[in-house]
Amino acid sequence: MVTQAERAEVFRALHRAPAILVLPNAWDCASARIVEEAGFPGIATTSAGVANALGYPDGERIPAAEMLAAVARIAGCVRVPVSADLEGGYQDIAATAAGLVASGAIGLNLEDAGGDAAQHGARIATVRRVGRELGVNLVINARTDLYLDRIGDPASRFDRACERLLAYIDAGADCVFVPGVTDEDTIRRFVETLRFPLNILAAAGTPPIRRLQELGVARVSVGSALARAALGLTRRIAQELKTGGAYDTMLQGAIPYAELNRLFEK
């Protein structure tokens, strides 16, 4: 049986494998099992998807204990490594890192939200320390939101983002993440400047996965997009039922009842 620590090392190695690591972000056990059944070697969670499913807005409005409980349920129903989106760490980063290890997950996404870079570096170092103390060398994906939130002067944004990401690498990150970047030239510049595993968020205008691999990107994730697409379909079904009384949208492409149940048979 593969241990949690071994799964962490398998997941870490995927960031430097010849093939790009593609991570559809799950928000519950059903979405995680569907991703696993599709053949992906790992699963990431989405903080927004999990929070919204449990009745909270995104942005650390969900209590850390509820987020970690959701991560534990996801990690417990799949065999592949699970990396959790834990936003900025929920105040007590040491307790959050310990809770992550207890959940069975093997890594995390940790965002700086444009805040103090030195403090974020300290959070990364704490996660590294706590994980090792508990026997799991957690895989840390360190994120800067300078592009996502369009923080500061656009002319210097690239240099400032690189400065932050290099500091996060020095603090112990395994991968760095710059959501909000979609153009090829900027992605290529990040790859060439950092020379370190880079995560790109798939969004409108993002190059296809094959092209991202050609550019040297190590990891691509979809954030809350998968959850939002599923909920968008739910809204269209609800509108069709309310206004037209038809079932076409609901029935098209639905997973059969028995097939969905089989995803959870032991």
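It should be emphasised that the depicted structure is a prediction, and the values quoted were computed from it without experimental measurement.

A. Fine view of the overall build of the chain. Scanning the chain for helices and strands turns up twelve helices and nine strands. Over its C-alpha atoms the chain spans a radius of gyration of 19 Å, differing by no more than 12% from the 18 Å that the globule rule assigns to 266 residues. Dimensions along the principal axes, computed over C-alpha positions, put the chain at roughly 55 × 45 × 35 Å. Across the 266 residues that make up the chain, the buried fraction comes to 48%. Of the roughly 13,000 Å² of accessible surface on the chain, 54% is carried by carbon and sulfur atoms.

B. Region of interest: the nonpolar core. Residues Phe190 and Leu198 are the most contacted members of the largest nonpolar core, which totals 69 residues. A total of seven residues in this core trace back to one element, the largest contributor, which is helix α4 (residues 64-77). For Phe190, the contacting residues outside a window of four places in its chain are Tyr147, Phe158, Ala161, Cys162, Leu165, Val178, Val181, Arg195 and Leu198.

C. Just helix α1 (residues 4-14), in detail. Where α1 is concerned, the buried positions are Gln4, Arg7, Ala8, Phe11 and Arg12. Buried residues of α1, seen end-on, are gathered within an arc of 140 degrees and therefore sit on one face of the element. If you follow the buried residues of α1, they end up packed against β1 (21-23), β4 (82-85), α5 (93-103), α6 (117-133), β6 (139-143) and β9 (219-221).

D. Structural detail: the packing of helix α7 (residues 154-171) against helix α8 (residues 184-194). The geometry of α7 relative to α8 is characterised by a closest axis approach of 11 Å and an angle of 40 degrees between their N-to-C directions. As summarised for this structure, α7 and α8 are arranged oblique, according to the angle between their axes. Along this stretch, α7 crosses α8, giving a crossing that reads as right-handed. Every residue of α8 that contacts α7 at Phe158, Ala161, Cys162, Leu165 and Leu166 is listed here: Thr186, Arg189, Phe190, Thr193 and Leu194. The class makeup of the residues in the contact of α7 with α8 is seven nonpolar, two polar and one charged.

E. Structural detail: the environment of Pro57. When you line up the elements, Pro57 lands in the loop between α3 (47-53) and α4. C-alpha of Pro57 to C-alpha of Val220: the two residues are 163 residues apart in sequence and 24 Å apart in space. Those residues in contact with Pro57 that sit more than four places away from it in its chain are Ala51, Asn52 and Ile62.

What counts and what doesn't
- Residues numbered from 1 in each chain as written.
- Predicted model: local features only at pLDDT ≥ 70, side-chain atom pairs only at ≥ 80, totals over all residues.
- Heavy atoms only, no water.
- Helix = DSSP H or I, 4+ residues; strand = E, 2+ residues; numbered from the N terminus.
- Rg over C-alpha atoms; globule rule 2.2 N^0.38 Å.
- Buried < 20%, exposed > 50% of the residue type's maximum accessible area, 1.4 Å probe, protein only.
- Areas by Shrake-Rupley, 256 points an atom, 1.4 Å probe, with all protein chains shown as cover.
- Core = buried A, V, L, I, M, F, W, Y, C linked by side-chain atoms within 4.5 Å.
- Contact = heavy atoms within 4.5 Å.
- Arc of directions from axis to C-beta.
- Axes fitted to C-alpha atoms, helices over the stretch in contact; angles between N-to-C directions.
- Parallel < 35°, antiparallel > 145°, perpendicular 65-115°, else oblique.
- Left-handed = near helix turned anticlockwise from the far one by under 90°.
- Nonpolar A, V, L, I, M, F, W, Y, C, P; charged D, E, K, R; others polar.

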